[in-house]
Structures are given as structure tokens and as C-alpha cells.
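Examining the three-dimensional arrangement
Residue-level listing of the chains:
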Amino acid sequence: MARLTDGDDDESAADSDSILESQLNRRNYLKLGAIAASTALSAGVASAASGPEERFGIQWDRVVNAVDDLGMDPNGNEPIDNQLDSAYESGTLIEFPPGEYLATETQYWNDDVSRFGMVGTGSSHKDVQFVFPSGNNGEKYRFLEITSGDHHVLKNFSIQQTDDDTTTADIWMINDDGGLIEDVEWLGRTPTDNNARRQLLAYDCSSVDGVNVARRVYMREGAELPGYPDGVAGIRVQGGSVGEIRLVDCHIEQRGSSSFRATHTRGVLRVEGGLFKNNDNTNMRISAGDHPDKTSWIKGATVIMDADNLNEHARDGDSLDSPEGLRIDSTGNGYAGVLIEDCDFIFKSCPTSRGIVSSPTWAGHGGFTLRNCRIQNDTSVQTIHADSVDTDTADKPWGVNLENVSITGSTRSQPAGAAVCIDNDRNGSTVQNSCIHFPNGDVDGVLVNDATNCEILDSNINVSGQATVFSGADVDTSNITSSDTCPLPSADGSTSDDSTDSTTDDSTDSTTDDSTTDSTTDSTTEPLPNEIRLVGTGTTTQYEFTVTDSLQASGDTIEEWDDISGGTATGWITTDGVEDTYTFSGDIDSFSFLEGECEIYVNGEQVTESTVTDATTDTSTDDSTTDSTDDSTTNSTSDLSHELRLVGTGTQTQYEFTVSDALEASGDTIESWDTIDGTSASGWITTEGVEDTFNFAGSVTSFGFVEGEAEIYVDGEQVTESTVTDATTDSSTDSSTDDSTDSTTDSTDSQNELRLVGTGVETQYEVSVSGTLEASDDTIEEWDDVSESSATGWVTTEGVDDTYTFTGTITSLSFLQGEAEVYVNGTQVDPAVFSLPNTLVVDGDGTETTYEFMVSGDILNDPLVGPIESDDSVTSGKVKGSVTDNVDAFRFSGDIRKMNLTGDAALTFEDNDG
């Protein structure tokens, strides 16, 4: 048998029968003192117990009542230790009526007992609570230590640690097979490991073919947060576990260390569903295991990290130290192959952390797979980092596989420079059918360092930096786009609280006071006179409101992450059409969106954030007040000569800006979640084509996208985030200022030359540039028309040319009639290149990089950005070449079907035709 040690983090997986033997000796000694009393008691139990019954799929020889049959005190005054120990035998199910049961001694059970259960009969798992002497830190109190046997059931009760800084109680259970811990909660604050063992539940499976389950285990009432390694974890699967442990729909929150950990285990851990939130060190820590037939996995789980918003059980001064989302870790054992599937990771705020998903070098783990997962990163924490692998010790495969993974958020930087970092020797890594959208700051998409045989396929990488960066890596890429946004994760990590689906059956009805249950139910479900309904719009939204009188949840619309405290509610809503509903008495005193937006209905009528507080009060206001307000708004707006218009592109976007003089909303384009404070405004815009419009005086002095992106128009002209502050400067200055500004611009901007040379065919052309365009000398005739950034003209006579100088790039060039030769900066080019919408640039770093690209449409060299050399080739949708310290650039149509870079050059591309 394996024994949980009290040593350092490198626990031993070796057998420890000698330790168990010493425990058995102590247990036998403790039992001798009670043997006389227990003999008589056991006889009484045998006569009082019911006959064989089947519960939970197990056939029990006897079912006994802890109070009526065993004489336990349900009021928490007298210890239950002797009675509990005496009843421990095969085939026995003990039912505990609602109450408190005082345990003062550890039950050391190692008798190979089969089929033993302790089950509460209350309607909630909190109705039966095991309590313990306060301040029992000297023994680091262990309630149950079960180190052999099979089919043990612990169900529908709570472990009450109280809220002091020393009292704790943990459980260690080893079963060969059939173990079940279900609807069990640890209540009260967990101290540090100075006053507790390293976890609250140690759960092992001692048979290779065995399966033990923990379902709806709750640990969410907070803990001391001393930082690793002094915090207490939630659940640990240890080195001696060789079978399967399964965690189903558990909720573990705000632990001082990992919510669960299975890094040494030779068996496997399989996690289904559950919510893991704000746990220090790691929210999930797992390895693939070393089982002969199975591997570990996590499916359908939700991880939320919001370190700035700990739950109501936190004390002043509590703060997380270095929390990760998921750590793939075999602690040097070299396991490989764990699967993470259908999981959501939401990082809203976080201190220093290794990453949302990470596998450190020292963790010694081989490859792993993320499939159908969604990651939202609004922090500066690294999103995914598969650190270098020790190929001498780690099992194959070594590669990291991302399949249908969505990564999005408002982060502006990443420690590795890229959202996904795949490091040395992670050979065979793949990114496919995935989406990365980090539009802010300077963030690359995928970085691969010194790995071979890697692929990036059929993925959208829409980032503010480079889509891919390869350093000494061999990576094949195909069908990469850069125009789409990515799906957000859902915070729906709900687990059933107080679930009793199989806890209470007809035989236990007599133990429950029906009148008490009914009255309790009525008091909590009878609606109050007013109703507020919050309906999701698909945006991750956090709301907060307070009422003047009473407030309660309506039905089952409120989840575990929503909180009601007195007359105040705080909650989250994300999914489109899903709603949180409350009933209340009195009025709504305050309401605000802390993040995002949703629809608000009060008593069936839709209201806005700014009008919700008036929804249940007397609405008969003085019309003159409204009229005067409207008039003043109209008058002041009419004096504001400039317009700023923000048009949604389908991306969840938050903006903020300031103007120099005056600012007002234009019309009814501004919603309740948008705010104007003097000359500053901030707001959200999401839906494609929908706009927020402002009128202002003066100029835009600052502008930034906090998250996402949108189109920006100033006085009808489209501008960028970096140029919006210059958009109204010229119009507010006199002509002398304009001239000096222009000359400065002309002298500093790079000048290019465009020459169209006649071939003897009557030819009409049209050209546009992204910067400024000017006719050169006297080459332009009166029938040619030149504006600031475009020109239309004719050229006919062979050898005669129209010549322009311009800044920026040529955005389009077409012949409306005929044809001519086109020269850019003295080099003849194919004019068709300027009709191709997409761009691709390979920027060398001084060492040779070879490349090969294939597209579904046409591809041509863009000599204005980077002319190719004679050794490079462009043929029918395919290019092949190399760069050293130069730049090669191309324009293309369609999609990238194949992309292969070998070397350290930087690759960037834009997909403008979808």
C-alpha cells in the first residue's frame, strides 16, 4: 500500500507497509479500551438493523441508523468515535439523520472491508455535518484513513472545519474498486499546511482494473493563501494509485494550492466537468499517468482566474501568489499523452503566473493534446507554453497538439512574445482548425523554437504582431487566414449544489421532518412583488445591483458564481438568450455593468442601465425638465463641428478616447454601457455595422482600443487607431501652419515613383495609393485628373509616360481601357499585382531562411515592399525562394494552401478577402 507522506513536494510512490502496520497497531490498541462496550453495542446493531437492501448499485447486508441503532449524538456534544469504529464491517451502510456529529479521533481502517457506507439522509449535503475539536493543529486531524477494501461509499454530508485558523480535517481513502465519494463538501476556512496536511482529500485506486469516483465534491469556502508550497491543496491522487480515479462535476475554489493534483500517479485521473476557480499554484495539475490501458484526461471543465475578485469567503489581505490554469506535469516521470477536451479557460485578472496552459521543462512530461477548448486571456500571463522536453527521459510523443482551439482576449503582451509558444524538441507539434485573435498591443500568434516535423494547418491567426515566428524550426503550414474573430469561452462551469438525486429514497422519508422542509421551501421560492431579468447577448458580462428592500433568486436561473448578499446581487451572464432572474421588494437603488452588456427587463419592460433605477418608482416627472434637457443637448451638439464614428466589425470591442474641447453623443447611437465623462468617452461595440457616434469640438487628443477593434471615421474619413489624433489637426490651424506641416511630412515620408509608359495603344488607367499622390513634373496632361491619393489618366503614344511620386503603398491600379507598361521605382512590374487583395511578407534576420508557399488563387511579387531575387521563383499560385537580411513580399488572392519556412525569418500576412 502507498502511504501519503508529510514530506516535501517530491513524495515517494514506494510501498510503505511498515507505516501502515504501525498505524494498525495503534488502531488495535485504541479499540481495546472500547471492546467491552462495543461487543454489546454490536449485538444491538445486528438486531436493530434492516435486512439486505440495494442502494447505489451495491447490495448491503444491513442498513443501520447512526442515532437510533448506533446511539450516536446528532447534537455534536458527545464523540461518535467508538460507535463508528465498531460499526465498520463489510456489508454495512450507516445512515446519518440531519445533525452535527463530533469526531475526535482518526478512524484507521485497514481490514479489507468490502461494501461500507456513510450516507446522510438530509435533503442537502449540509444537513449532516461532521464537526471536530477546535485548534487540532497538533495532529493535523484526519477524519478517516481507509487504506484497503473496496466499494466504500461516503455520501451527502459535510466536513465542518469552522472558520478559525487551525481546525481542519482531511480524508484519505484507498479502494481497490467501486469507491464513491459523492455530494460531500468541506466547509469553513482551510489553514496553511502548518496546521493541516497537504490536501483535504487524498484518493487512490490500488487495483489496475479498479475505478473510484468522486462526484460533486465541493471545496469553495476559502483558505489561507500563503503561496506555494505552504498552501493546502484540494484533491490529490498519489504515487501508489495504479487504477483510475474519476472526478465528476466538482467545484473547487480559492484553495491555497492546486485544486487537484495527479502528477506522481502511475494510474490515471479522469476529470468530467466541474468548476475550478481562483486556486493558487494551479487550478488543474495532471499527468498522463502510466496505466497499461488508459491515459488521463480532462473533459468539459471550466477554469476561471479573477484574482482581483476573490469570493465572499476571502479575508482582508488574502491574495493569490502565482496561480496557473493547467499544468501538464509528471514531476520527472516522463509520462506522455494526456488529453484536454471541451474545456473553457477564462483569465480576467492574475498576478505572476507560468501560464494558462503550461508544461514546464522540469515537469518532465511528453506530449499532450488540447481539443475543442476555448481560452480567454485578458491578462499579461502567457497563454500556452509547452516548454522544452527532455528527450532522454520523456516518453514519446513529444509534440503538442492544438485541435479546434480558440484563443481570444484583450491581452496586449505575452512573455514569450506569442500566444502559443512551442519550445525545443517538441517535435511533431501541430496547430490545426484553430483560431487566435489578439488584436491589441504587439502579440504574435504561434512561436516554434528548434522543433522539427511541425504543422500549422487550416487556422485563423488574427493578431497584432506576426502570425507565425519560427526559430530553427521545421514547420509546414497551409490554409492560414487572418481575418476572423474567435469564439469566446463560456463561464458555464455550473455544478449541482446541494444535489440529492440518489441521496434520499423512500425508506428515509420518516427521518425527515416534512413540515420543516415544506416551510423552508416555501419561504425561499415564493416570489417577491417585483422582478428583474438579465438576458445575455453573447457578451461576457458582469453586473451588480442593489435593491432597497428584499432580494432573492427566481427559480434555478442563478449559478454558483452569482452571489446574493443582503439586498445586493453580483453575477455573470454570457450566453445569448440565457437569463439571470431575481424577484425583489422595494426599488432598485443602483445598477451597473462591471463588464460587458446584456438586456435588462424590470417587471417585463425593457430598460437601460441608466433608467433601471427609475423602473419601479413614480415615473411622473416634470416634462419641462425633460424638455429643457433635450434643448440644451441639441443646442450644444449643434456647436460641435466634428464627428467621430466607430463602426462595429463583429468583434467584441471596448474603446476609450479624449477630445480637447467638448464632447457629446450623437443621436441615439450610445447605449447604457457607454459613458461620457466631460471630454472623455469609453464604450463597447460588437455587432458588425452597428455604430457609436459622437460630436466634438477641437481635436482627438488620445484614442485606444482596450479590447478588440472597430472601424474609425473622423468627419467621414476612415482613419486608424494611430492616426485618429491627427485627423482634425490640420483643419484647426491656419494656412501657414498647414504649409509647414505638409513640408515636414513630405521631407520625412518615403517617396516612391510610379511610371506608366505608353505602348502605342489608347489606354486609360486608374490608380490609388494609401498615402499621398502627386504628378511629377510636366508628364501629366489636362485630360488626366489627380487628387490627393488617386489619379485617372490616359497614355497612348509609345514611349511617352505619365509619372507620379507617392507615399505609402499602391492600393489599386487598373486599366479601364488598353494597357501600358508599369514601373515602380524604376523596376517593371506586372500591374495585376495591385489587384490582389492579400499580402505576405518574409523578413530575414541575417541568417538564411528558405520558404515555399502555395495559394488557391494568384500570387505575384510586390516589388514596392520587397523585390525578389533572380533565384526566387513565382509560378502559377506558387512561390519558392530564400531571404537572409532582405525582405521578400507578395500579394495574392484566395487562401494559403501550403506554407513551409525553414529558418529564423519573420512571416507576416494579411487576408483581406476572407
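Bear in mind that the values here come from a model prediction, so they are computed numbers and not experimental data.

1. Re the overall build of the protein chain
Broken down by element type, the protein chain carries 6 helices and 75 strands. Counting over 914 residues, the protein chain shows a buried share of 52%. Within the protein chain, contacts between residues separated by at least 24 positions form 78% of all contacts whose residues are at least 6 apart in sequence. Roughly 35800 Å² of accessible area belongs to the protein chain as shown, and the carbon and sulfur atoms make up 43% of that amount.

2. Section: the state of the cysteines
If you walk through the whole model with that rule in mind, you get 1 disulfide. The disulfide that involves cysteine 435 links it to cysteine 486, with 1.9 Å between the sulfurs. On the sign convention where negative is left-handed, the bridge of cysteine 435 and cysteine 486, at about -80° about the S-S bond, is left-handed. Here cysteine 435, found in strand S36 (residues 435-438), pairs with cysteine 486, found in the loop between strand S40 (473-481) and helix H4 (514-525); they are 51 residues apart in sequence, far enough to count as distant. Like cysteine 486, cysteine 435 is buried.

3. Regarding the sheet that holds strand S53 (residues 675-677)
Here 4 strands make up an open sheet; going across it, the order is S53-S54-S51-S56 and the pairing antiparallel. Each of the sheet's edge strands pairs with one partner strand only, and the pair in question is S53 and strand S56 (700-707). This sheet shows a mean twist of 15° between the axes of neighbouring strands, independent of strand direction. Examined bridge by bridge, S53 and strand S54 (residues 680-685) share 3 bridges and lie antiparallel to one another. Each bridged residue has a counterpart across the sheet, and for aspartate 677 the counterpart in S54 is serine 680.

4. Things to note about a negative patch on the surface
The grouping of Asp112, Asp176, Asp177, Asp209 and Asp293 at the surface amounts to a negative patch. Within the element layout of this structure, aspartate 177 appears in the loop between strand S12 (170-175) and strand S13 (180-187).

5. Some words on the pattern of salt bridges
Where charged atoms from two side chains of opposite charge come close, those side chains can pair. Tallied over the full model, the rule gives 33 salt bridges. A salt bridge links arginine 246 to glutamate 272, with the nearest nitrogen and oxygen atoms 2.8 Å apart. One end of the pair, arginine 246, is in strand S17 (residues 244-248); the other, glutamate 272, is in strand S20 (residues 268-272), with 26 residues separating them in the sequence. With relative accessibility at 26%, the residue glutamate 272 sits in the partly exposed group. Note that arginine 645 is salt-bridged to glutamate 691, the shortest N-O span being 3.3 Å. Taken together, the residues arginine 645 in strand S50 (residues 642-648) and glutamate 691 in strand S55 (residues 691-697) connect sequence positions 46 residues apart. Looking at glutamate 691, the relative accessible area reads 28%, which means it is partly exposed. Taken together, the shared-partner salt bridges connect Lys155, Glu182, Asp183, Arg215 and Arg216 into one network.

6. Description of the side chain of threonine 430
One can find threonine 430 in strand S35 (residues 430-432). Side chain to side chain, threonine 430 and asparagine 401 meet in a polar contact 2.8 Å long. In contact with threonine 430, other than residues within four places in its own chain, are Val400, Asn401, Leu402 and Glu455.

7. What about unusual backbone geometry?
At the junction of tyrosine 228 and proline 229, the peptide bond is cis and its omega measures out at 10° in the coordinates. Looking along the chain, the bond that leaves lysine 396 and enters proline 397 is cis, with omega of 0°. Within the secondary structure, proline 397 sits in the loop between strand S31 (384-386) and strand S32 (400-403). Its identity as a non-glycine residue notwithstanding, phenylalanine 56 has a phi of 55°, on the positive side. Positive phi, close to 65°, is recorded for asparagine 156, a residue that is not glycine. Tracing the backbone shows asparagine 156 in strand S11 (residues 150-160).

8. Here's the deal with the nonpolar core
Counting residues in each nonpolar core, the largest one holds 119 residues, and the members touching the most others are Met118 and Phe143. The residues contacting methionine 118, other than those within four sequence positions of it, are Leu84, Leu93, Ile94, Phe96, Trp109, Phe130, Phe143, Leu144, Val153, Leu154, Lys155 and Phe157.

9. Section: the pairing of S36
With burial as the criterion, each face of S36 is covered, one bearing Cys435 and His437 and the other bearing Ile436 and Phe438. Here strand S33 (residues 406-408) pairs with S36 via 3 bridges, running parallel. Paired with threonine 408 across the strands is histidine 437, a residue of S36.

10. Let's talk about the sheet that holds strand S44 (residues 563-565)
The 4 strands lie next to each other as S44-S45-S42-S47, forming an open sheet whose pairing is antiparallel. This sheet does not close on itself; its edge strands, each paired only once, are S44 and strand S47 (588-595). Neighbour to neighbour, the strand axes of the sheet diverge by 10° on average, direction disregarded. Two strands pair when backbone bridges link them, and S44 and strand S45 (residues 568-573) are joined in this way by 3 bridges, in the antiparallel orientation. If you follow aspartate 563 over to S45, its bridge partner there is threonine 570.

11. Overview of the packing of aromatic side chains
Within a pair of aromatic rings, the relevant descriptors are the distance that separates the centres and the angle that separates the planes. If you walk through the whole model with that rule in mind, you get 24 aromatic pairs. When the centroid spacing of 6.0 Å and the interplanar angle of 20° are considered together, the rings of phenylalanine 545 and phenylalanine 591 count as stacked. You can see phenylalanine 545 sitting in strand S42 (residues 541-547) and its partner phenylalanine 591 sitting in strand S47, a full 46 residues away along the chain. Assessed through its relative accessible area of 10%, phenylalanine 591 is described here as buried.

What counts and what doesn't
- Residues numbered from 1 in each chain as written.
- Predicted model: local features only at pLDDT ≥ 70, side-chain atom pairs only at ≥ 80, totals over all residues.
- Heavy atoms only, no water.
- Helix = DSSP H or I, 4+ residues; strand = E, 2+ residues; numbered from the N terminus.
- Buried < 20%, exposed > 50% of the residue type's maximum accessible area, 1.4 Å probe, protein only.
- Contact = heavy atoms within 4.5 Å.
- Areas by Shrake-Rupley, 256 points an atom, 1.4 Å probe, with all protein chains shown as cover.
- Disulfide = S-S within 2.5 Å.
- Pairing = 2+ DSSP bridges.
- Axes fitted to C-alpha atoms, helices over the stretch in contact; angles between N-to-C directions.
- Patch = residues over 30% accessible without salt bridge, like charges linked within 9 Å, V, L, I, M, F, W, Y side chains within 5 Å.
- Salt bridge = Lys/Arg side-chain N within 4 Å of Asp/Glu carboxyl O.
- Lys, Arg positive; Asp, Glu negative; His and termini not counted.
- Charge placed at Lys NZ, Arg CZ, Asp CG, Glu CD.
- Polar contact = N/O pair within 3.5 Å; in protein donor to acceptor, adjacent residues only side chain to side chain.
- Core = buried A, V, L, I, M, F, W, Y, C linked by side-chain atoms within 4.5 Å.
- Phe/Tyr/Trp six-rings, centres within 6.5 Å; stacked < 30°, edge-to-face > 60°.

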